[in-house]
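Residue strings, one per chain:
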Amino acid sequence: DQQVKQNSPSLSVQEGRISILNCDYTNSMFDYFLWYKKYPAEGPTFLISISSIKDKNEDGRFTVFLNKSAKHLSLHIVPSQPGDSAVYFCAAFPLYSGGGADGLTFGKGTHLIIQP
Amino acid sequence: GAVVSQHPSRVICKSGTSVKIECRSLDFQATTMFWYRQFPKQSLMLMATSNEGSKATYEQGVEKDKFLINHASLTLSTLTVTSAHPEDSSFYICSARVFGGGRFSTDTQYFGPGTRLTVL
């Protein structure tokens with residue numbers, strides 16, 4: 001049973017526009033969420049994170065929104081640039097409630113394609 | 001950020017041999033590292049948690065005797081795939097846990113570049 005879901009395998013966005021990547025989770029113990037960017041045959045690169053005590057975190061062009069009641073988070077990239085084309089993974093773990101179980105649970109990823 | 005390295009980046013071996021993969025945190029100390037595996041077009045799956053100075057914690061379904069983990073120092077964890085078989089062919093990625101506060105502004109994991117294992 002998938003505890004972290006990214007229901008869009010791919011997303012195509014025009015350069016300069018906003019990219020919105022979505023993620024849903026089912027495990028109520030998850031209270032810390034991260035977004036990673038990944039190229040084929042490389043390790044994931046950390047982008048941004050958010051804890052459950054916040055509903056928004058911003059870092060440059062990247063903003064993550066968290067809706068705890070809906071168990072939903074989204075990553076907004078604006079403006080989108082060609083270099084943003086990659087697979088984006090949503091990940092979660094129980095930072096505050098997990099008793100040290102810090103391993104990340106990943107979604108299946110969304111392949112973002114930025115078109116010129 | 002922080003730098004995590006893995007060696008080798010790619011290895012091809014014969015069935016039945018053992019392969020060791022090293023994961024190093026280059027510019028920080030990591031008491032906790034993690035090993036993940038990614039099959040083609042799949043998500044990253046946590047295999048085990050590697051704790052410096054103690055035994056690794058394995059996820060359900062991961063064979064401890066097949067995937068030996070040693071976290072001998074605060075900067076090095078090794079994963080040894082023993083008696084490798086073709087079904088073990090995968091992309092293995094390690095990560096190191098960092099905690100918010102001090103040098104790092106947020107709790108996160110930094111990942112190594114991964115090791116592509118192909119077992120013939």
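Described below are features of the structure shown in this document. (Residues numbered from 1 in each chain as written. Chains lettered and ligands numbered in written order. Predicted model: local features only at pLDDT ≥ 70, side-chain atom pairs only at ≥ 80, totals over all residues. Heavy atoms only, no water.)

1. A closer look at the environment of B:I21
Residues and elements named next belong to chain B. For I21, the position within the fold is in strand β3 (residues 19–25). Between the C-alpha atom of I21 and that of T78, which follows or precedes it by 57 residues, the distance is 5.6 Å. Setting aside its immediate chain neighbours within four residues, I21 contacts Q6, H7, P8, W35, S77, T78, L79, Y92 and T115. (Helix = DSSP H or I, 4+ residues; strand = E, 2+ residues; numbered from the N terminus. Contact = heavy atoms within 4.5 Å.)

2. A short note on the environment of B:S83
Residues and elements named next belong to chain B. Mapped onto the elements, S83 comes out in the loop between β8 (76–81) and β9 (90–98). With relative accessibility at 34%, the residue S83 sits in the partly exposed group. Between the C-alpha atom of S83 and that of K66, which follows or precedes it by 17 residues, the distance is 7.2 Å. Once residues lying within four places of it in the same chain are set aside, the contact partners of S83 are G16, T17, S18, K66 and D88. (Buried < 20%, exposed > 50% of the residue type's maximum accessible area, 1.4 Å probe, protein only.)

3. Some words on the nonpolar core
Residues A:Y36, A:L104, A:F106, B:Y36, B:F67, B:F111 and B:L117 are the most contacted members of the largest nonpolar core, which totals 45 residues. Counting residues per element, this core draws most heavily on β9(B), which supplies six residues. In contact with B:F67, not counting residues within four places along its chain, are B:R37, B:M47, B:Y58, B:V62, B:L79, B:T80, B:V81, B:D88 and B:Y92. Formed by 23 residues, the second largest nonpolar core is a distinct cluster that contains A:V13, A:L73, A:I77 and A:Y88. (Core = buried A, V, L, I, M, F, W, Y, C linked by side-chain atoms within 4.5 Å.)

4. Brief notes about the pairing of β3(B)
All names here are of chain B. Side chains of β3 alternate between two faces, with V19, I21, C23 and S25 buried and K20, E22 and R24 left unburied. Bridge count between strand β1 (residues 4–7) and β3: four bridges; the pairing is antiparallel. Across the sheet, S5 pairs through a bridge with R24, a residue of β3. Pairing of β3 with β8, which is carried by six bridges, proceeds in the antiparallel orientation. Looking at the pairing, E22 lines up with T78 of β8. (Pairing = 2+ DSSP bridges.)

5. Here's the deal with the interface of chain B and chain A
Facing 20 residues of chain B, the contacting portion of chain A comprises 19 residues. Here chain B meets chain A over a buried area of about 1,500 Å², counting both sides, of which 58% is carbon and sulfur. Three residues, B:S43, B:L44 and B:F111, lead the burial of chain B against chain A; their summed loss comes to 27% of the area buried on that side. For the pair chain B and chain A, the number of links is seven residue pairs in polar contact (both at pLDDT 80 or more). (Buried area = accessible area lost by both parts, 1.4 Å probe. Polar contact = N/O pair within 3.5 Å; in protein donor to acceptor, adjacent residues only side chain to side chain.)

6. Concerning the sheet that holds β1(B)
All names here are of chain B. One open sheet holds the four strands; their spatial order is β1-β3-β8-β7, and the pairing between them is antiparallel. Strands with a single pairing partner mark the edges of an open sheet, and in this sheet they are β1 and β7 (67–73). Pairwise comparison of adjacent strand axes, ignoring direction, gives a mean angle of 15 degrees for this sheet. (Axes fitted to C-alpha atoms, helices over the stretch in contact; angles between N-to-C directions.)

The analysis is restricted to geometry; functional conclusions fall outside its scope.
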